[in-house]
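# Understanding the architecture of this molecule
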Amino acid sequence: MSSLASAAPTAVIRGRTAPPGAAARRTLPSAATQRAPYLFIAPFYLLYVLFMIVPIVAALFLSLTSWVGLGTPDFVGLRNYGNLLGDSSFWTAAGNSGLYVLVAVVLVVPCSLLIAQALNARGLRARDLFRVTYFVPMVVSPIVVALIFSMLLDTEYGLVNSFLHAAFGLPGVDWLTDPSWARASVSFVLLWRWVGYLTIFFLAGLQAVPRELYEAAELDGAGPVRSFTTVTLPAIKPVTAFVVVTSFISAAQLFDEPYLLTGGGPGESTLSLAMFVYRAAFERQQFGYAAAAGVLLFVLVFAVSQLLNRALQIGRAA
Amino acid sequence: MSAATVTSPARPNSSVGAPPPRRRPRGTSRLTAGRVALYALLVVLLAVFVLPLLFALSGSFKPRADIFGEPLRLIPSSVTLENYTNLLSSQPFWSWFGMSVGVATVATVVSVFVCALAGFGFAKYRFRGKQALFTVMFSSLAVPFAVILVPLFVLLVKTGLGTPWFALVVPWVAPAFGIFMMQQYIVQSVPDEILEAARIDGCSEFRTFLSVVLPLLRPSLGALAVWSFLQSYNSFLWPLVIVSDVNHYTLPLGLNILFSSENRAIDLVLPGAVLASVPMIIVFLLLRKQLLEGLSAGAVKG
């Protein structure tokens, strides 16, 4: 039956193939063997240097120049950074991106944990159906998601307002054209698109928690809430760390949803930092300025995620 | 499957996905009330995730006037294929589709190979600088695309490499997430003994990788393939920036043009959205187990 597939994936994998004592790894002396790992990882590092390190260095350089995309860039020192700090649009974008991060970490992540907890209920039927269906929004392209929601949320012709009017006689809400509602709508679409995806990780984590731990907690008289905080949460810490860090990084650089759904508007009320960079470079030809904004975003995201990694201890080689 | 769980009731994990062992005759009625609430919640959520997609599907079959006139009707009062024929006759839809699928296929094949190689290197060898190199690789996950967007665009255009086939494929074929996923899977599922045996048989390291390791990785290669195909097929910002030639538009770019045109050509965009999404959803449904388990397996162990 379908629920078979959802039984603790890692346990299945480990149980099937890893022989006893496989953990002890052997080192072989031959020169070819010593060279081999470097050759195996070389393609990645080649691409990594060319398409990540070089562009980052180029971004640092560009950010110190004023350049419209033609001719030679003029060196302007730190002026772009100074201008950014005095640019109210930049702060608006930073605030909005902060909001998206908050929504992702404080709303989307806990919601997916709760859904995973519900899906992990003992003897649940059709678990696979729920799990798979909840994931579908992640499979659908952001442009399609944006188009569907802009249709549903249209003030005059949208399904949501039609329903509110038909069912409760409520007047139409400007879901995408009122600043606060627009931010709420973008946040909702974020939730809608990501929550099923993150649920997958939590569910796998929950399924790997040994049943005995819960039984022991139950014997000690722990209720559901207490066994959740004392058994579940510590046991799923690695998954939680992974989910928190990846959703933080994705939300901090959010572009598709606000760009496609609201175009950053009304005004700049849903403009994100990534949209700010895009707008400066490709709509206003301020390449140096855009690079500087990108560098600030990079420093922020990189620093916070390294702190999170350190605090939550993920990303170690096995 | 119930037979399997009945015979091994003591294994902690095997009972997770199975029907409940009936050993609580008391309190069943209370449990049932909880169960009803649980299923109600899950079904409501199901509706929240599926209904928007179903309304888009139904809208694509409605005459233009009805798309706006009767938004609440899930079953159209009159069904038409006109939107589809209009889209396919007035827009180069299949060219967008071909571009998206072509780019995603090439990127997927290459990136699965590169990730498996690097994942194997990290999983099964000890070497000087391994920890540092792994940290460098892993921390590239935390580099926001916005920082390299502008310089990568400039560099590729200046070096003449801004052509769609190069720019949409090559910079994206070595995702750190894929390497991490492969590394986790290889640690768990490729026994050292097999590698030893291959070495004793005189296989070179690369030969061992190709003929011994790769076949063992099939389930997670499938998962990684679906994941990277989706990444490429759905990507929007980078194509938006780098593809200027209308003849090389990918699906998201084509739909975006229709969508952002003056009259919001919703009657053309809807069938386009359906045609773009249905193949992906079908592929996902076919490979769902591999993908979902492959995705989560690495993260569970951290």
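Here goes a summary of the coordinates provided. Note that the structure is predicted; figures quoted are calculated from it, not measured.

### Concerning the overall build of chain A
Of regular secondary structure, chain A possesses 14 helices and two strands. Split into buried and exposed, the 318 residues of chain A put 55% on the buried side.

### Observations regarding the packing of helix α6 (residues 142–152) of chain A against helix α14 (residues 251–259) of chain B
Where α6 of chain A meets α14 of chain B, the closest approach of the two axes is 10 Å, and the angle between their N-to-C directions is 25 degrees. On the basis of the axis angle, α6 of chain A is roughly parallel to α14 of chain B. Between α6 of chain A, through Ile143, Val144, Ala146, Leu147 and Ser150 of chain A, and α14 of chain B, the contact on the second element is made entirely by Pro252, Leu255, Asn256 and Phe259 of chain B. Looking at side-chain class alone, the contact of α6 of chain A with α14 of chain B contains seven nonpolar, two polar and no charged residues.

### Points about the packing of aromatic side chains
Residues and elements named next belong to chain A. Summed over the entire model, instances satisfying the criterion amount to 52 aromatic pairs over all chains. Ring geometry for Phe135 against Tyr197: centres 5.8 Å apart, planes inclined by 50 degrees, an arrangement best described as tilted. One end of the pair, Phe135, is in helix α5 (residues 127–139); the other, Tyr197, is in helix α8 (residues 179–207), with 62 residues separating them in the sequence. The two residues Phe135 and Tyr197 agree in class, both being buried. A ring pair is formed by Phe163 and Phe168, whose centres lie 6.3 Å apart and whose planes are at 90 degrees; its orientation type is edge-to-face.

### Examining the interface of chain A and chain B
Between chain A and chain B, the residue contacts involve 126 residues of the former and 121 residues of the latter. Carbon and sulfur atoms supply 74% of the area that chain A and chain B bury against each other, a total of about 11100 Å² over both sides. Where chain A touches chain B, the interface holds two salt bridges. Between Arg131 of chain A and Glu293 of chain B there is a salt bridge, with its nearest N and O atoms 3.4 Å apart. At the surface where chain A touches chain B, the tally comes to nine residue pairs in polar contact (both at pLDDT 80 or more).

### Quick word on the nonpolar core
Judged by nonpolar contacts, the single largest core of 202 residues is most densely connected at Phe135 of chain A together with Trp238 of chain B. Both domains that meet at this core, namely domain 1 (29–83) and domain 2 (91–301) of chain B, each give it at least three residues. Setting aside chain neighbours within four positions, we find Trp238 of chain B in contact with Phe145, Leu149, Leu152, Phe153, Leu156, Ala167, Leu168 and Trp172 of chain B.

### What to know about α8 of chain A
Residue and element names in this part refer to chain A. In this model, α8 (29 residues) spans 41 Å end to end at C-alpha, consistent with the 42 Å of a helix rising 1.5 Å per residue. Along α8, the sharpest kink reaches roughly 35 degrees, centred on Trp194. By the criterion of burial, α8 is predominantly enclosed, with 23 of the 29 residues buried. One side-chain oxygen at the N-terminal end of α8 lies 3.2 Å from the backbone nitrogen of Ser180; it belongs to Asp178.

About the cut-offs
Counting starts from 1 at the beginning of each chain's written sequence and moves along it residue by residue. Following the order in which they are written, the chains are lettered starting with A and the ligands numbered starting with 1. Side-chain atom pairs in this predicted model are given and counted only at pLDDT of 80 or more, local residue features only at pLDDT of at least 70, and totals for whole chains, interfaces and linings cover all residues. Computation of side-chain values covers all heavy atoms of the structure but excludes hydrogens and water. Helix and strand assignments follow DSSP, with helices taken as H or I runs no shorter than four residues and strands as E runs no shorter than two, numbered in order from the N terminus. Note on classification: 1.4 Å probe, protein chains only; a residue is buried when its accessible area is under 20% of the maximum for its type, exposed when over 50%, partly exposed between these limits. To define axes, lines are fitted to C-alpha atoms, for helices over the stretch in contact only, and angles between the resulting N-to-C directions are given on a 0 to 180 degree scale. When describing relative orientation, an angle under 35 degrees is termed roughly parallel and one over 145 degrees roughly antiparallel, while 65 to 115 degrees is termed roughly perpendicular and anything else oblique. Note on definitions: a residue-residue contact is assigned when non-hydrogen atoms from the two residues lie within 4.5 Å. We call Asp, Glu, Lys and Arg charged. Ala, Val, Leu, Ile, Met, Phe, Trp, Tyr, Cys and Pro are nonpolar, and the rest, Gly among them, are polar. Stacked, edge-to-face and tilted are the three classes for Phe, Tyr and Trp ring pairs, Trp counted by its six-membered ring, which pair at centre distances within 6.5 Å; planes under 30 degrees apart are stacked, over 60 edge-to-face, the rest tilted. Accessible area that two parts lose when put together, with a 1.4 Å probe and added across both, is what the buried area reports. When a carboxyl oxygen of Asp or Glu lies within 4 Å of a side-chain nitrogen of Lys or Arg, that pair is called a salt bridge. Pairs of N or O atoms within 3.5 Å make up the polar contacts considered here, provided that, within protein, one atom can donate a hydrogen while the other can accept it, and that residues adjacent in sequence are counted only when both atoms are side-chain atoms. Put simply, buried Ala, Val, Leu, Ile, Met, Phe, Trp, Tyr and Cys residues joined by side-chain atoms within 4.5 Å make one nonpolar core. Here the limits of each domain have been adopted from an automatic or database domain assignment. Residue count minus one, scaled by 1.5 Å, sets the expected span of a helix. Take the seven residues that end at a residue and the seven that start at it, fit an axis to each, and the angle between those axes is the bend at that residue.

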